[in-house]
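Summary of the model geometry
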Amino acid sequence: MKSAAIMAFTIHSPMRRLFLAILPAASLHAAGTISFNRDIRPILSENCFACHGFDPKHREGDLRLDTFEGATQDRDGARGIVPGDLSKSDAWQRIISEDKDEVMPPPKSHKPPLNAKQRETIKAWIEQGAKYEAHWAFIPPQNHAGGGIDHFIQKRLAEENLKPSPEADPATLIRRVFLDLTGLPPSPSDLTDLTDLSDWSDAKYTALVDRLLSSKHYGERWGRWWLDQARYADSNGYSIDAPRQIWKFRDWVIDALNKDMPFDQFTIEQLAGDLLPNATESQKIATGFHRNTQINQEGGIDKEQFRIDSVFDRVATTGSVWLGLTIGCSQCHDHKFDPIAQKEYYQLFAFLNNQDEPEMKVFDPQTDVKGLTAEFKEVEAKIKAYMVEHAAELDQWEAGITPAIKKSLNASIVKILAMPKAKRGFAQNQTLFAASIGGVGPFRELNDRHKELDTLLNKGTTTLVMKELPKPRKTTVFIKGDFTRPDVEVQPGTPAVLHPFETASKQPNRLDLAKWIMSPKNPLTARVIVNRVWQQYFGRGIVETENDFGSQGTLPSHPELIDWLATEFMANKWSLKELHKLIVTSKTYRQSSANRPDLIEKDPQNYLLARQSRLRLDAEVVRDVCLAASGLLSTKLGGPPVYPPIPDGVMGQGQVKRVWSVSKGEDRYRRGLYTFVYRASPPPSLTVFDAPEGFSSCTRRIRSNTPLQALTLMNDSGFFEFATALKKIIEKDGLEAAFKRCTARAPRPDELAVLKKLDSLNAARTLLNLDETVTRE
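Note that the structure is a prediction, hence the values are computed from the model and not measured. (Residues numbered from 1 in each chain as written. Predicted model: local features only at pLDDT ≥ 70, side-chain atom pairs only at ≥ 80, totals over all residues. Heavy atoms only, no water.)

As a further point, take the state of the cysteines. For the coordinates displayed, the defined rule picks out zero disulfides. The thiol of Cys-698 is not disulfide-bonded; the next cysteine sulfur, from Cys-329, is found 17 Å away. When its relative accessible area of 14% is taken as the criterion, Cys-698 is described as buried. (Disulfide = S-S within 2.5 Å. Buried < 20%, exposed > 50% of the residue type's maximum accessible area, 1.4 Å probe, protein only.)

Right, let's get into the packing of aromatic side chains. Tallied over the entire structure, the rule returns 40 aromatic pairs. Taken together, a centroid distance of 4.5 Å and an interplanar angle of 35° make the contact between Phe-36 and Tyr-132 tilted. Remark: Tyr-132 occurs in the loop between helix H5 (116–127) and helix H6 (149–159) and Phe-36 occurs in helix H2 (residues 36–47); sequence separation between them is 96 residues. Phe-36 sits in the buried class, given a relative accessible area of 0%. Summarising the aromatic geometry, the rings of Tyr-643 and Phe-676 are spaced 5.2 Å apart at their centres and angled 20° between planes, so their arrangement reads as stacked. With Tyr-643 in the loop between helix H27 (619–630) and helix H28 (684–687) and Phe-676 in the loop between H27 and H28, the pair connects residues that are 33 residues apart, well separated along the chain. (Phe/Tyr/Trp six-rings, centres within 6.5 Å; stacked < 30°, edge-to-face > 60°. Helix = DSSP H or I, 4+ residues; strand = E, 2+ residues; numbered from the N terminus.)

Enumeration according to the criterion identifies 51 salt bridges in this entry. The partner of Glu-772 in a salt bridge is Arg-745, with the nearest N and O atoms 2.6 Å apart. Remark: Arg-745 occurs in the loop between helix H31 (735–743) and helix H32 (749–756) and Glu-772 occurs in the loop between helix H33 (760–768) and strand S8 (775–776); sequence separation between them is 27 residues. Note on Arg-745: relative accessible area 22%, which makes it partly exposed. Counted as one network, the salt bridges with shared partners bring together Arg-745, Arg-748, Asp-750, Glu-751 and Glu-772. (Salt bridge = Lys/Arg side-chain N within 4 Å of Asp/Glu carboxyl O.)

Space inside the second largest pocket adds up to approximately 660 Å³. Every residue lining the second largest pocket is counted, 28 residues in all, and those nearest its centre are Phe-538, Gly-539, Arg-540, Leu-615 and Arg-703. Top element by residues in the lining of the second largest pocket is helix H10 (residues 216–229). It accounts for five residues. The class makeup of the residues in the lining of the second largest pocket is eight nonpolar, nine polar and eleven charged. (1 Å grid on protein atoms, 1.4 Å probe; cavity = no way out; pocket = protein on both sides within 12 Å on 5 of 7 lines; lining within 4 Å. Points joined across faces, edges and corners; volume = space filled by probe spheres on them. Nonpolar A, V, L, I, M, F, W, Y, C, P; charged D, E, K, R; others polar.)

On the secondary structure map, His-335 appears in the loop between helix H14 (303–323) and helix H15 (342–351). On the basis of relative accessibility, which here comes to 5%, the residue His-335 falls in the buried class. A polar atom in the side chain of His-335 sits 3.1 Å from the backbone nitrogen of Phe-337. (Polar contact = N/O pair within 3.5 Å; in protein donor to acceptor, adjacent residues only side chain to side chain.)

Let's shift gears to unusual backbone geometry. The peptide bond linking Met-104 to Pro-105 adopts the cis configuration, its omega dihedral lying at -15°. For Pro-105, the position within the fold is in the loop between helix H4 (90–95) and H5. Backbone geometry places Asp-241, a non-glycine residue, at a positive phi of 50°. Here Asp-241 shows up in the loop between H10 and helix H11 (247–258).

Scope: geometric values only; no functional claims are made or implied.
Okay, structure coming up:
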């Protein structure tokens, strides 16, 4: 809990101070003019200003210096800031005060007093008129002419007297781009074909990029990226955590990305595919995005409470995934830092409060549903006619059942026989006929076909979808976010700080919301998405706080670059593949990741990108790389989730003990993307490498480094099986070939000497445990 005296700014970590030190010295503002966003806001953030006895609307003791209105508001004759007048600006007087009860920041905040440079900056800003600009992320991005990734990166490096690193060697670069675009390493034949230095060129590399972008495995790799944000998992969550069917949504994501569906359409179909004119089955499946919320199946719960909780989740997820804002912070009160009112939160809530949440039967594309449905009705009618015609024969059979015969009958049949004949329905009579006189002849043929059609039409694969209610629910503000305390009624709407919400509909719905989100006038969405893609390639976004572009988020390290990427993304018709190609063909991406003494001194965290970043592979890709290296990988695309080996006892960790029937055949060796994930007890080999469980949207995976990871690679039953397969490769093709399958390079003599001291199985286990094997260089 923060002190009541701490103002509405938060420093995220000690690294924030380092980051501020390397922010661009250049600005769009005229030289000599102090900018609030560029110059003043970082000072306020770093020192966590406080002023006592001010704005009672916010936390007791808070003075809002982050807005012009808050800073200049008259509070019993006192104002925090009076533009142009230092003597009347209470904030300034408290900055220079020597009274410990008045000085900003106060001693009890444990924040250092402002240094001379910071004081001079604030002093000059007030004297210049204390100009406020709109927060940078709320201003539409500008396409800076003559730009490009390398232009902006190298321009920034030049300002710091730094030079970019040379291009990575071909083998490293090839493995890097394979892993980044497909999540799989290059095959031995790929390495042989591509690493001929005499033939290496930009054209050859670009052709490789095009090939990888057209690979079916591209959709799998980047599908996992999106599924993190969709909080996808295969169970309902909460304590019961029962399995669910929603893998058709996962396959929809993979297919949409492989087809390079424009991101605006990709968004609209997920948020409101069911509301599109003549919505297809595929577009309805896409609405599973917001059915990835948890479902509480415990007894005695208030179902409305947990329905409301799901809507809360959907509002927060929509805000973080597409807008990069912490909109969920307005659930209980006006946002403390960003201009988002609690009423506006519930206006967004109203869009997502008008849905039913059904399961939808999903058919194979080749299935003639209309024809089969007609046949099903016809067959059922014939069965009914047969049963009427032969009712006397059934009565005779039933009358001849002796106690001895009854003991030999199936329990379900005995139960039906105990029912009065008048209460038996079609299904009960059908069962009795099948067990008696209808066991052979025309009835059996009709009955078998009826069962087959029933399975095709009414059983099998389903998926969770959204469906708009014919009559909207009433939506109100909830006092302090408590659904039992409704306040004023609200209609669907959007935050006023962003672009206007325009619709001709009398009752705006999710489709209107989706179109508003993807409007070219929206200053956030394009920036948020290109930043999140960039983060995957460099380990950090241009805006480090990738889910918070508000005033509490970090400023962009390269503001012109993020704007240029956002405008290019929109200009290229929201093509994600074009965005990927733009990034991976840049010189910035292709740099070596090797560190240098000058970078260790000036930019140890690589904010300026004078080199690439070494990144530990995602959990699923760790599995995929080891599968590929061992030669076991199944490249089958899509389908139901699979059950690879996991440690004994895992399924007993939750409230309900589940059965984990290990998959057989090639399903045992599917990519990690397809592994069944229980939210409450996910596979340990995924959890240990930081895979999200699916409880909430994950916009950035953490990367930990623990002994458990090495122990998993060495001893987990699945990885031991991979090592056993790699052992056979060592015995057949040699250590050098196995080493190259794991790292994409030949071993050095000293490395080979170490491996030769081991038997082939332990050499294989060692190779799969190498840092280099599970790292993208």
